[in-house]
Every structure is written in structure tokens, then in C-alpha cells.
Number of protein chains: 2
Amino acid sequence: MKKIIILGSGNVATNLSIALKQKGYNIIQIWSNKIENAKALANKIGCPHTNSLEKLLYADLHILAIKDDAIKDILDKLPDIKVVHTSGSIGIEVFENKFTYYGIFYPLQTFNKTINISFDKIPICIESNKISFQNDLIEIGNKLSEKVILLTSKQREKLHIAAVFACNFSNHMYAIADNILSEVNIDFKLLFPLIDETVNKIKYNRPDHVQTGPAKRNDQKVITSHIKNISNYKTKEIYKLISNSIIKKNDHP
Amino acid sequence: MKKIIILGSGNVATNLSIALKQKGYNIIQIWSNKIENAKALANKIGCPHTNSLEKLLYADLHILAIKDDAIKDILDKLPDIKVVHTSGSIGIEVFENKFTYYGIFYPLQTFNKTINISFDKIPICIESNKISFQNDLIEIGNKLSEKVILLTSKQREKLHIAAVFACNFSNHMYAIADNILSEVNIDFKLLFPLIDETVNKIKYNRPDHVQTGPAKRNDQKVITSHIKNISNYKTKEIYKLISNSIIKKNDHP
């Protein structure tokens, strides 16, 4: 793979461009729908940028790192180039009958434009329609990360759903905890040892086996008191539903 | 505080007894409703045990580390001793009109009998009806941990609710992720870098400010596809409710 073009300028595009460049890959162009975003990322990489798909240069690989719901639209406007997307949710069939070499290059991580993180430990999930192209993608994956795996679209979609629970939803649990504590002027940092230990435990045990708390004990007195004491209606509903889910798991192990 | 008696033999009682003994406190007796549990913990500590409240020895402090819904019953059977409970949820009023010196000694952590953890970083939350007794409790807290704080019962209850979200519920999110991955033969360990980064981000940012994922982007295409692809009905309901909660937070920041 000699020349790479990145289409996109968001959290994934930014982190991936920087990591590829650090590993010596030649990123020759950044495309983004919004010219100022394309420019901002191109400045970080030190390469040309464009917001016109017609001005795309020739490249050996095009990495489409854009919002899931824009992928199909953009693909429809591209010629028969070698292309991958970086989405957990969009199946490989999105490329069918239009491209000769295509695939998925999905880094399993939560990215943020403003936080540069190392790709060393990030699982890179790869799928392709052609073995030769797949091998090219594996080679790039191996340069970036210790953990490159082949996944089917079905596996990748399930992995993405699991990631939503393990990352996005656990973060929302932290956000709710933060809100509750601010009602009584307690610093959210007080929870850090507890959060660390919760994560530490699942490194050596199945999460189900180390579940603790009032719902695990089916302690209805505490559960009722908690529900009464939660001020926010939506938070109450979440408390009830997750508690019930934990209790039912106990009933039917 | 010279002599301490532990009432209880569960996760908190076990970890707290071991930590107190390690710091040189003289644990003179373990009481538990079930004699074999009392014996098991007493063997670890090297002290006598009993399952009879009438055979309690004289002590300077009695630590009641039992299930929340048993606290009142046990207190009703005790004479006017110096006593604390270790519960996040039970208010200080449970002791009223019965004891002269009482309080709460609540270590904010998820404990497991079979996992010994250090108390160094665990916040110890203290409340008492008497300044002198409160100072005794603070002294013990300071021996065990770097982080001792005074909290009212109201603050402690909110802290406990927040802890349920941050610990018990995030663990349940991991358990759901684990289940989903086992459907497609993917190792749960693949999510570790993602889980670590999720926790890492909230160390330096408010959780709300680093929320990511389909619900944060209000990406209805992905959300609909995820809901369709979740096999378990209960898991579907949780996915919908939490996604809606994240989406609504976006609408009304």
C-alpha cells in the first residue's frame, strides 16, 4: 500500500490518520464534506485536502471514516477504487456490485478528536471480498496494532452492539452517577476506586459471576428506597429496568 | 479503640475484618447468624466466634456488617453497646432511642469474600451522633485509608445510588456485552482496551462530555439495526431505554 486517502475528518478519521502517518504510511489527501474540517485534519497530517469527490487523487487505498448513515451516499458517488469503511454496523454488502476490491477496517475503540490514543492494543477487525486485498489490510493492521482479527459482518455487528453496552452505556451509567452526586455536593472522583475495582474484577472473572449490589441480593427494601430517592423520572426508569434484569438473571441462572 | 467485634461474615465483614487485623486492631469475636460462616471468618482472623447475640463479649466497638434488611432486627436484640453499621442505604435514625454511641462506617467499594483488596484508596464514609465517638471512627478510618469523609445519611444514600449506577449497573452492561459476544464466538477480552479507555476518559472529563456512540450521534439507522439484531427481549428494552436517555440529554443539554 503506497498511497492512502482518508475520507472523513471526525474522531475515527483523525485518530486513524495520525496513527497511519506515525507508522510511515503516505497519506496523500484528506476529503471531507466540510472544507474547514478537511483542512484542519490535512494540516495535522501535512497533506492536501478537498471537499470535492471529483478532485480525489489516485491512491492504493481509500479509507471511508464517516458517519454510518452517510456511507452509502458517498459510495454511490465514487468510481471503482480500492475502498474500506471503518464502521462497526455497516455490512460488507454496502459495497457490492460497484467495487472490485473492498472491505472493512474497523478499529474497536472510542475515539475523540481531541484525545490522541495509541493504536497498539486496539483490536482491528478486518473483512474483505478478495484475499489479496484482505492481506494488504491485515498488513496495515499489524503495523498499527498487536491485535488484528478477521470478522464477518454478522460478527462485527454483534461486536458493535456489545461495545455499545460495554462502553457507551457504561459511560452513561457514570454520567447518571455524576448527576446524582452533584445533587448532594459530592465529588464524582470519590467513585474512582469503586469504578477501577469493578473493571479490575472483570479482567479475571466473567462479569455475571462478580455482579454485586441490591439487585443481585434481591434486596427489595434498598431497591424501593433507592427508587423513592431518585429525583429524575428517566433515571428511576433505568434503575428499575436494570435492577429487574439483574434479579431475573439470578432467578434463571 | 481497643477491642472490636464484627457482626457479620459476608463480603464486607470479611474484607473489613482482615484489613482491621492487618492494621493491628484487636478483633476479639465474630458473630454470624450461621455458625459455620462465623467460624470460617473467625478462623481467618484467629479469634473466637458465636452465633448467639447473648454470648457477645465486651468490646469498645461493634461493627454490624450484615444485609441491610437484617440491620433493624439485630439492633433490636442488642444492649446499649457502641455500634456502627456499614451500609450505604440505612440512615442513622435506625439507631435512635436505643443506643448512646452509634454511627456509620461505610467503605465505598465492591467487596467479594474471595478477593482480598487493599483499603488504602477506599473512601470511608463516617457519620455519628457524638463527636467523641465520631473522632474514634475517623481515627480507625485514617488507619485503613487515605480517604476518610464525613457524610450525612442523605448524602450517603445518594452516594450509594450513584455507586449502584457506576458499579453494579456498569457491571451488568459488561455482562450483557459478554452474552452478546458469546452468541458469535467472540472473546469478551476483545473489549478490554475499549473498557479501559472508557474509564480512562472519565478520569479527566465529566462522563457526559465524553459520551460517544450511536445514541450520542442520534444515528437512528444504527440504533434501529442494533435493536433488530439483539436477540434477547430484555436486552432490547435496556438498549432502547438507555439510548433514549442519551438522546434526550443531547436535546436538553
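Quantities reported herein were computed from a predicted structural model and do not represent experimental measurements.

Enquirer: Give me the lowdown on the overall build of chain A, citing residues and values where you can.
Expert: Counting its secondary structure elements, chain A contains eight helices and eight strands. Burial analysis of chain A (253 residues in total) assigns 59% to the buried set. Considering only contacts in chain A between residues 6 or more positions apart, those separated by 24 or more positions represent 50%. Surface exposure of chain A reaches about 11000 Å², of which carbon and sulfur atoms provide 48%. Where the 34 positive side-chain charges of chain A centre and where its 25 negative ones centre are 2 Å apart.

Enquirer: Would you mind going over the interface of chain A and chain B in detail, with residue names and values included?
Expert: Every contact between the two is made by 89 residues of chain A and, on the other side, 90 residues of chain B. Taking both partners together, chain A and chain B bury about 8900 Å²; carbon and sulfur atoms supply 68% of that area. Among the residues chain A hides against chain B, the three largest losses belong to Lys 158, Phe 165 and Leu 190 of chain A. Together they make up 8% of the total. Taken together, chain A and chain B are joined by six salt bridges. Note that Asp 178 of chain A and Arg 206 of chain B form a salt bridge whose closest N and O atoms lie 2.9 Å from each other. Along the contact surface separating chain A from chain B lie 38 residue pairs in polar contact (both at pLDDT 80 or more). Of all elements in the fold, only α5 (153–183), α6 (192–202), α7 (220–229) and α8 (233–251) of chain A reach the threshold of two or more residues within the side of chain A that touches chain B. For the side of chain A that touches chain B, the class distribution of residues is 44 nonpolar, 22 polar and 23 charged.

Enquirer: Now, about the pattern of salt bridges: what can you tell me, with residues and values included?
Expert: On inspection of all chains with the given rule, the structure shows 16 salt bridges over all chains. Measuring nitrogen to oxygen at the nearest pair gives 3.5 Å for the salt bridge that ties Glu 237 of chain A to Lys 240 of chain A. With Glu 237 of chain A and Lys 240 of chain A both in helix α8 and three residues apart, the pair spans about one turn of that helix. The exposure class assigned to Glu 237 of chain A is partly exposed, which follows from its relative accessible area of 24%. Owing to a relative accessible area of 34%, Lys 240 of chain A belongs among the partly exposed residues under this scheme. Between Arg 156 of chain B and Glu 127 of chain B there is a salt bridge; the shortest N-O distance is 2.7 Å. Of this pair, Arg 156 of chain B sits in helix α5 (residues 153–183) while Glu 127 of chain B sits in strand β7 (residues 124–128); the two residues are 29 residues apart in sequence, bridging distant segments of the chain.

Enquirer: So, the nonpolar core: which residues are in play, and what are the values?
Expert: In this structure, Leu 159, Phe 165 and Leu 191 of chain A together with Leu 159, Phe 165 and Leu 191 of chain B are the most contacted members of the largest nonpolar core, which totals 124 residues. Those residues within four positions of Phe 165 of chain A in sequence are excluded, and the remaining contacts are Ser 170 of chain A together with Met 173, Ile 176, Ala 177, Ile 180, Ile 230, Thr 235, Ile 238 and Tyr 239 of chain B.

Enquirer: Tell me about the sheet that holds strand β2 (residues 26–31) of chain B, and please be specific about residues and values.
Expert: All names here are of chain B. Spatial strand order, β3-β2-β1-β4-β5-β6-β7-β8: eight strands in an open sheet with mixed pairing. The sheet is open, and its two edges are formed by β3 (49–50) and β8 (148–150), each paired on a single side. Both strand β1 (residues 3–7) and strand β4 (residues 61–64) contribute to a ladder of four bridges, which runs parallel. What sits directly across from Leu 7, in β4, is Leu 64.

Enquirer: Would you mind going over the packing of α6 of chain A against α5 of chain B in detail, with residue names and values included?
Expert: Where α6 of chain A contacts α5 of chain B, the axes come no closer than 9 Å and their chain directions differ by 20°. In terms of axis orientation, α6 of chain A runs roughly parallel to α5 of chain B. Two packed elements cross with a definite hand, and for α6 of chain A against α5 of chain B that hand is right-handed. Contacts from Leu 194, Ile 195, Thr 198, Val 199 and Ile 202 of chain A in α6 of chain A reach Ala 163, Ala 166, Cys 167, Ser 170, Asn 171 and Tyr 174 of chain B in α5 of chain B. Tallied by class, residues from the contact of α6 of chain A with α5 of chain B come to eight nonpolar, three polar and no charged.

Enquirer: Break down the confidence of the model for chain A for me, with residues and values.
Expert: Here chain A averages 95 in pLDDT, and 98% of its residues register 70 or above. Two numbers describe this predicted complex: its pTM, 0.91, and its ipTM, 0.91.

Enquirer: Requested: an account of the sheet that holds strand β5 (residues 83–85) of chain A, with residues and values cited.
Expert: All names here are of chain A. The sheet built from eight strands is open, its strands ordered β3-β2-β1-β4-β5-β6-β7-β8 with mixed pairing. Pairing within the sheet leaves two strands with one partner each, and these edge strands are β3 (49–50) and β8 (148–150). In terms of strand pairing, β5 meets strand β6 (residues 102–107) through three bridges, oriented parallel. Across the sheet, the residue bridging to His 85 is Ile 104, located in β6.

Enquirer: Account for the relation of the copies chain A and chain B, with residues named and values stated.
Expert: For the pair chain A and chain B, the superposition axis carries a translation of 0.0 Å, the fit reaches an RMSD of 0.0 Å, and the rotation angle comes to 180°. Such a combination of rotation and displacement between the chain copies is what one expects of a two-fold axis. Taking the C-alpha atom as reference, chain A places Ser 170 of chain A closest to the rotation axis, 2.3 Å from it. Comparing contact sets, 100% of the residues at the interface of chain A also lie at the interface in chain B, consistent with an isologous, same-surface contact.

Enquirer: So, helix α4 (residues 131–144) of chain B: which residues are in play, and what are the values?
Expert: Because each turn of an α-helix spans 3.6 residues, side chains separated by three or four positions in sequence point in the same direction. Residues and elements named next belong to chain B. Compared with an ideal rise of 1.5 Å per residue, which puts 14 residues at 20 Å, α4 spans 20 Å between its outermost C-alpha atoms and is within 8% of the ideal. Buried residues of α4: Phe 133, Gln 134, Leu 137, Ile 140, Gly 141 and Leu 144, and no others. Down the axis of α4, the sector holding all buried residues measures 120°, keeping them to one side. Residues of α4 that are buried sit in contact with α1 (11–22), β4, β5 (83–85), β6 (102–107), β7 and β8.

Cut-off values and rules
- Residues numbered from 1 in each chain as written.
- Chains lettered and ligands numbered in written order.
- Predicted model: local features only at pLDDT ≥ 70, side-chain atom pairs only at ≥ 80, totals over all residues.
- Heavy atoms only, no water.
- Helix = DSSP H or I, 4+ residues; strand = E, 2+ residues; numbered from the N terminus.
- Buried < 20%, exposed > 50% of the residue type's maximum accessible area, 1.4 Å probe, protein only.
- Contact = heavy atoms within 4.5 Å.
- Areas by Shrake-Rupley, 256 points an atom, 1.4 Å probe, with all protein chains shown as cover.
- Lys, Arg positive; Asp, Glu negative; His and termini not counted.
- Charge placed at Lys NZ, Arg CZ, Asp CG, Glu CD.
- Buried area = accessible area lost by both parts, 1.4 Å probe.
- Salt bridge = Lys/Arg side-chain N within 4 Å of Asp/Glu carboxyl O.
- Polar contact = N/O pair within 3.5 Å; in protein donor to acceptor, adjacent residues only side chain to side chain.
- Nonpolar A, V, L, I, M, F, W, Y, C, P; charged D, E, K, R; others polar.
- Core = buried A, V, L, I, M, F, W, Y, C linked by side-chain atoms within 4.5 Å.
- Pairing = 2+ DSSP bridges.
- Axes fitted to C-alpha atoms, helices over the stretch in contact; angles between N-to-C directions.
- Parallel < 35°, antiparallel > 145°, perpendicular 65-115°, else oblique.
- Left-handed = near helix turned anticlockwise from the far one by under 90°.
- pLDDT = per-residue confidence, 0-100.
- Least-squares fit on C-alpha atoms with pLDDT ≥ 70 in both.
- Expected span 1.5 Å × (residues − 1).
- Arc of directions from axis to C-beta.

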